[in-house]
Amino acid sequence: MKICKVCLSSDLLCSGCSRKLDEGMITKTDIALSRALHEINQKSDFIEAFEENGRLFLIVDTKHTKEFIGPGGKNIRKLSEALGKPIKLMEKATGTEKHIIEKLIGAPVLGINKVYSNQKASKENTSGESFKVRVERRYVRNVQPLAGVVGKILNKKVSFVFE
Ligand SMILES: [Zn+2]
């Protein structure tokens, strides 16, 4: 978990965990989620979580997905209630970039065109490499809104092309 055992079951933060928060190593969302997980007695940790457009994107290791969802979606529902917002669970797999992206977006990837740019990325620490991910047109509604999130997870500029 992102905070220590004491802080998991307390409303206050110890000095060690407060420092982590101050230094930006963890966020308030991380703390709320860790406490909610502790409450439902779930042991597996999440990889990262962030908010975008009022939704909470929860990124978990593929092998923990079932646990996060729970029987009949019970766990994810409880987490969503505790955090007070809808949660979108995303699986982070290991393997090729294609495989990782497919798991994240829940749709097959036709191919990835990598675009290298010499220009210094003006914002964020992206490597100057961006991905144009090709996906079948029928997935456009589900996949298009995830471009920003997938980019954040991969730390690259990601755009989707539907064909
Ligand atoms: Zn602590």
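Calculation rules
- The residue numbering used here restarts from 1 in each chain and proceeds along that chain's sequence as written.
- Under the rules for a predicted model, residues below a pLDDT of 70 receive no local features and side-chain atom pairs below 80 are neither given nor counted, while totals for whole chains, interfaces and linings still include all residues.
- We define the nonpolar core as any set of buried residues of the types Ala, Val, Leu, Ile, Met, Phe, Trp, Tyr and Cys, connected via C-beta atoms lying within 7 Å of each other.
- Exposure classes come from backbone-placed C-beta atoms, where a residue is buried if 20 or more other C-beta atoms lie within 10 Å of its own, exposed if 12 or fewer do, and partly exposed in between.
- Per the convention used, a helix needs a DSSP run of H or I reaching at least four residues, while a strand needs a run of E reaching at least two, with both numbered from the N terminus.
- Boundaries between domains were set according to an automatic or database domain assignment.
- The contact rule is simple: place each C-beta atom from the backbone, and if two of them lie within 7 Å, those residues are in contact.
- A pair of strands counts as paired when DSSP detects no fewer than two bridges linking them.
- Helix axes use the C-alpha atoms of the stretch in contact, all axes being lines fitted to C-alpha atoms, and the angles between their N-to-C directions lie in the range 0 to 180 degrees.
- Our angle categories are set so that under 35 degrees counts as roughly parallel, over 145 as roughly antiparallel, 65 to 115 as roughly perpendicular, and the remainder as oblique.
- Should the near helix be turned counterclockwise from the far one by less than a right angle, the crossing is left-handed, whereas a clockwise turn marks it as right-handed.
- As a working rule, the residues Ala, Val, Leu, Ile, Met, Phe, Trp, Tyr, Cys and Pro are called nonpolar, Asp, Glu, Lys and Arg charged, and the rest polar, with Gly in that last group.
- pLDDT is a residue-level measure of predictor confidence that goes from 0 to 100.

1. Observations concerning the nonpolar core
Counting 25 residues, the largest nonpolar core has Leu58, Val133 and Val150 as its most contacted members. Mapped onto this core, the elements with two or more residues apiece are α3 (28-39), β2 (55-61), α6 (97-105), β5 (129-135), α8 (147-154) and β6 (157-162). When residues are assigned to domains, this core turns out to be shared by domain 1 (5-92) and domain 2 (97-162), each giving three or more. Apart from residues lying up to four places away in sequence, Val150 is in contact with Ile101, Leu104, Ile105 and Val158.

2. A closer look at the sheet that holds strand β4 (residues 109-116)
Strand order across the open sheet formed by three strands is β4-β5-β6, with mixed pairing between neighbours. The outermost strands of the open sheet, each flanked by one partner alone, are β4 and β6. The average angle at which neighbouring strand axes cross in this sheet is 25 degrees, direction not considered. In this sheet, β6 lies alongside β5 in parallel orientation, the contact comprising six bridges. If you follow Lys132 over to β6, its bridge partner there is Ser159. In the packing of α6 onto the sheet, contacts are made with β4 and β5, and the angle to β4 comes to roughly 120 degrees.

3. Here's the deal with the packing of α3 against helix α5 (residues 74-83)
When two helices pack together, their arrangement is captured by the angle between the axes and the distance separating the axes. Two elements in contact, α3 and α5, have axes whose closest approach is 10 Å; the angle formed by their N-to-C orientations is 135 degrees. By the criterion of interaxial angle, the relationship of α3 to α5 is oblique. As for how α3 packs across α5, the hand of that crossing is right-handed. Note on element contacts: α5 touches α3 through Leu79, Ala82 and Leu83, opposite Ala32, Leu33, Ala36 and Glu39. Across the contact of α3 with α5, the residue classes tally to six nonpolar, no polar and one charged.

4. Brief notes about the pairing of β5
Two faces, one strand: in a regular strand the side chains alternate between the faces of the sheet. Where β4 lies against β5, seven bridges are found, and the strand directions are antiparallel. In the strand pairing of β5, Asn113 is matched with Lys132.

5. Observations concerning the sheet that holds strand β3 (residues 87-92)
In spatial order, the strands read β1-β2-β3; together these three strands make up an open sheet with mixed pairing. One side of each edge strand has no neighbouring strand; the edge strands of this open sheet are β1 (48-52) and β3. Taken over all neighbouring pairs, the strand axes of this sheet differ in orientation by 25 degrees on average, direction set aside. Examined bridge by bridge, β2 and β3 share six bridges and lie parallel to one another. Note on β3: the bridge partner recorded for Phe57 is Lys88.

6. A few points about unusual backbone geometry
Within the chain, Asn41 stands out as a residue other than glycine whose phi angle is a positive 60 degrees. Examined against the element boundaries, Asn41 turns out to sit in the loop between α3 and β1. Overall, the presence of 7 C-beta atoms within 10 Å leaves Asn41 in the exposed class. The backbone phi angle of Asn155 is positive, close to 60 degrees, even though this residue is not glycine. On the secondary structure map, Asn155 appears in the loop between α8 and β6. Overall, the presence of 12 C-beta atoms within 10 Å leaves Asn155 in the exposed class.

7. Describing the confidence of the model for the chain
Looking at the chain, pLDDT values average 92 and 94% of them are 70 or higher. When pLDDT is averaged over each helix and strand of the chain, the minimum, 91, is found for β1 and the maximum, 97, for helix α2 (residues 15-22).

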